[in-house]
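Spelled out, the chains give:
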Amino acid sequence: MQIKTTSGIEIKEVYTEPKNLSELPGEFPYTRGIQKDMYRGKMWTMRQYAGFSTAEESNRRYHYLLSQGTTGLSVAFDLPTQIGYDSDDPMSEGEVGKVGVAIDSLQDMELLFDGIDLQKVSTSMTINSTAAILLAMYIAVAKKQGADIKLISGTIQNDILKEYAARGTYIYPPKPSMRLITDIFEYCSKEVPKWNTISISGYHIREAGSTAVQELAFTLANGKAYLKAAIEKGLDINVFAKRLSFFFNCHNNFFEEIAKFRAARRMWANITKELGATDPSAQKLRFHTQTGGSTLTAQQPLNNIIRVTNQALAAVLGGTQSLHTNGYDEALSLPTEAAARIALRTQQIIAFESGAADTVDPLAGSYFVEALTDEVEAAAWQYIEKIDAMGGAVNAIELGYIQEEIAAASYDYQKEVESEERKIVGLNSYGDKEEINPETFRVNDSIRKMQMEKIASLKSSRNNVYLREALNDLERTAKAGENVMPAVLNCVESYATVGEISNLLRKVFGEYSTV
């Protein structure tokens, strides 16, 4: 009988060949972890991804999560915010506040973080096309709080390449988008040195249907493209690479996921070294993990608690630096407070009751895990070599190669589920006649009207002369090829809206059309 991982790697019946393990945790190429003491020295950051409705509503959820022991915030923005439309734009109708919080201006960002000390909390923001704008808003709020912006910490996703390949919330063509990203690298290295300027995301690649190996390969290929773009801009890899982080998915194939994380560290260490990184901190792959949203089922939703636990444990055993656990009801709606609390408690039980965090890389030396780490790595290098031969990730995306590979993998997976070759408990096997229908979370449909009223009030009260000067300076800066971040910050502090700034940059850069 032949058994394979989700990536098609054959699993032997038994593994008997030992491997010479001279490498220690905290040593190049960091297969066993980027810190010698890992969770004995510092526990992973326990994040809960949240954002919905208005800034005021999301702020209440953030205070609740912090009171329950969350050690970092992760902000979800609604689709209009992600693609640069204000809530009053006709394109926003039906989407305001639905899959994340609606942020139209600095006024909303001030409300979102009201009563939260930004110098003491680490914040991750899932934002890409409008990353420069939302980061500028965060910096502006921190300044208003009296914080030293050199001490604020967090992450913006800022990974546009995976948007073209898998997710779709892009605005501008690849080249100006890459320019915006490297502008952020340059600005933050000087002004906000503790900020992680990009979270190179495999999560959405996996959610789009890729295999674990494809997630790893395409994510690192994108990372390599960002490194090269920054080097071409004249930035020092030993400086900016220290602030890069990654964002991986974690699905149900327990050992393959652990092997993926171990292989990722080893591969990235070699990629950065090859491109000139000599500082160990610039060679280390730091990553956040989120449990797999696409693995959750609307059928028998309480089963998702077990799925999330399995995935979270794999992420911890794989050495993650930060973790978000999904609510069991997320296949049905945004998570309720009860579901979010259970998801957080899952992390806390793993951390403080399971013993998984007591020693570094506890599965090291396992014949199976070591062999699988090598096989996952070898399969991922094959993809990266193909992408390099095409001229890198940007070219591979423009040619449609990465999109086609993901689509093919997604199709194959769906066929396996529908034929019941792949069992999904509660979905295509072990069904119940009586389904449990938990209470679900609903967003108020009047959110758009409330946001439109806020925008109208803001535009009548702000200094529009000063605002026009700020927007004119941003247009000049964008056309001149100068770093846009100081001008974006000036616009934000003048209470320009997300849509006003994005539309100006649309005029300068144009919009991207799909392959």
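Small disclaimer: the values here were computed from a predicted structure and weren't measured.

**Q** In this structure, what is going on with the overall build of the protein chain? I would like to understand it.
**A** Secondary structure summary: the protein chain contains 20 helices and 11 strands in total. A principal-axis box enclosing the C-alpha atoms of the protein chain has dimensions of 75 × 60 × 45 Å. With 515 residues in all, the protein chain has 58% of them scored as buried. Considering only intrachain contacts with a sequence separation of at least 6, the fraction spanning at least 24 residues in the protein chain is 79%.

**Q** Would you mind going over the pairing of strand 5 (residues 122-126) with me for this structure?
**A** In regular strands, side chains alternate between the two faces of the sheet. For strand 5, a buried count of five out of five residues is recorded, marking the element as mostly surrounded by other parts of the structure. Burial along strand 5 is two-sided: S122, S124 and T126 facing one way and T123 and M125 facing the other are all buried. In this sheet, strand 5 lies alongside strand 4 (residues 72-76) in parallel orientation, the contact comprising five bridges. The residue of strand 5 that forms the bridge with A76 is T126. In this structure, strand 5 lies alongside strand 6 (residues 154-156), joined through three bridges in parallel fashion. Counted as the bridge partner of S124 is T155 from strand 6. The parallel pair strand 5 and strand 6 is bridged by helix 4 (residues 131-144), and the resulting crossover is right-handed.

**Q** For this particular structure, what's the right way to read the state of the cysteines?
**A** Among covalent bonds in proteins, the disulfide is the one between the sulfur atoms of two cysteines. Per the counting criterion, the structure on display carries zero disulfides. C188 takes part in no disulfide bond, and the closest cysteine sulfur to it belongs to C491, at a distance of 17 Å. For C188, a relative accessible area of 1% gives the class buried. With relative accessibility at 0%, the residue C491 sits in the buried group.

**Q** I would appreciate a short explanation of the pattern of salt bridges in the present structure.
**A** Where charged atoms from two side chains of opposite charge come close, those side chains can pair. Tallied over the full model, the rule gives 28 salt bridges. Taking the shortest distance from any N to any O, the salt bridge between R167 and E163 comes out at 3.2 Å. In this pair, R167 and E163 are both assigned in helix 5 (residues 161-167), four residues apart and thus about one turn of the helix distant. Looking at R167, the relative accessible area reads 27%, which means it is partly exposed. Measuring nitrogen to oxygen at the nearest pair gives 3.2 Å for the salt bridge that ties E482 to R476. The structure contains a network of salt bridges with shared partners spanning R32, R262, D361 and E370.

**Q** I would appreciate a short explanation of the environment of K150 in the present structure.
**A** When you line up the elements, K150 lands in the loop between helix 4 and strand 6. For the pair K150 and N490, spaced 340 residues apart in sequence, the C-alpha separation works out to 18 Å. If we ignore the near neighbours within four places in the chain, the residues touching K150 are K190, E191, P193 and K194. Separated by 2.8 Å, the side chain of K150 and the backbone oxygen of K190 make a polar contact.

**Q** What's the story with helix 1 (residues 55-67) in this structure? I'm lost.
**A** Residues separated by three or four positions in an α-helix point in the same direction, a consequence of the helix having 3.6 residues per turn. For helix 1, with 13 residues, the first-to-last C-alpha span of 18 Å sits near the 18 Å given by 1.5 Å per residue. Listing the buried residues of helix 1 in full gives A55, S58, N59, R61, Y62, Y64 and L65. Downstream of helix 1 by one or two residues, G69 has phi in the positive range, about 110°.

Cut-offs and rules
- Residues numbered from 1 in each chain as written.
- Predicted model: local features only at pLDDT ≥ 70, side-chain atom pairs only at ≥ 80, totals over all residues.
- Heavy atoms only, no water.
- Helix = DSSP H or I, 4+ residues; strand = E, 2+ residues; numbered from the N terminus.
- Buried < 20%, exposed > 50% of the residue type's maximum accessible area, 1.4 Å probe, protein only.
- Contact = heavy atoms within 4.5 Å.
- Pairing = 2+ DSSP bridges.
- Right-handed = clockwise from strand over helix to strand, strands pointing away.
- Disulfide = S-S within 2.5 Å.
- Salt bridge = Lys/Arg side-chain N within 4 Å of Asp/Glu carboxyl O.
- Polar contact = N/O pair within 3.5 Å; in protein donor to acceptor, adjacent residues only side chain to side chain.
- Expected span 1.5 Å × (residues − 1).

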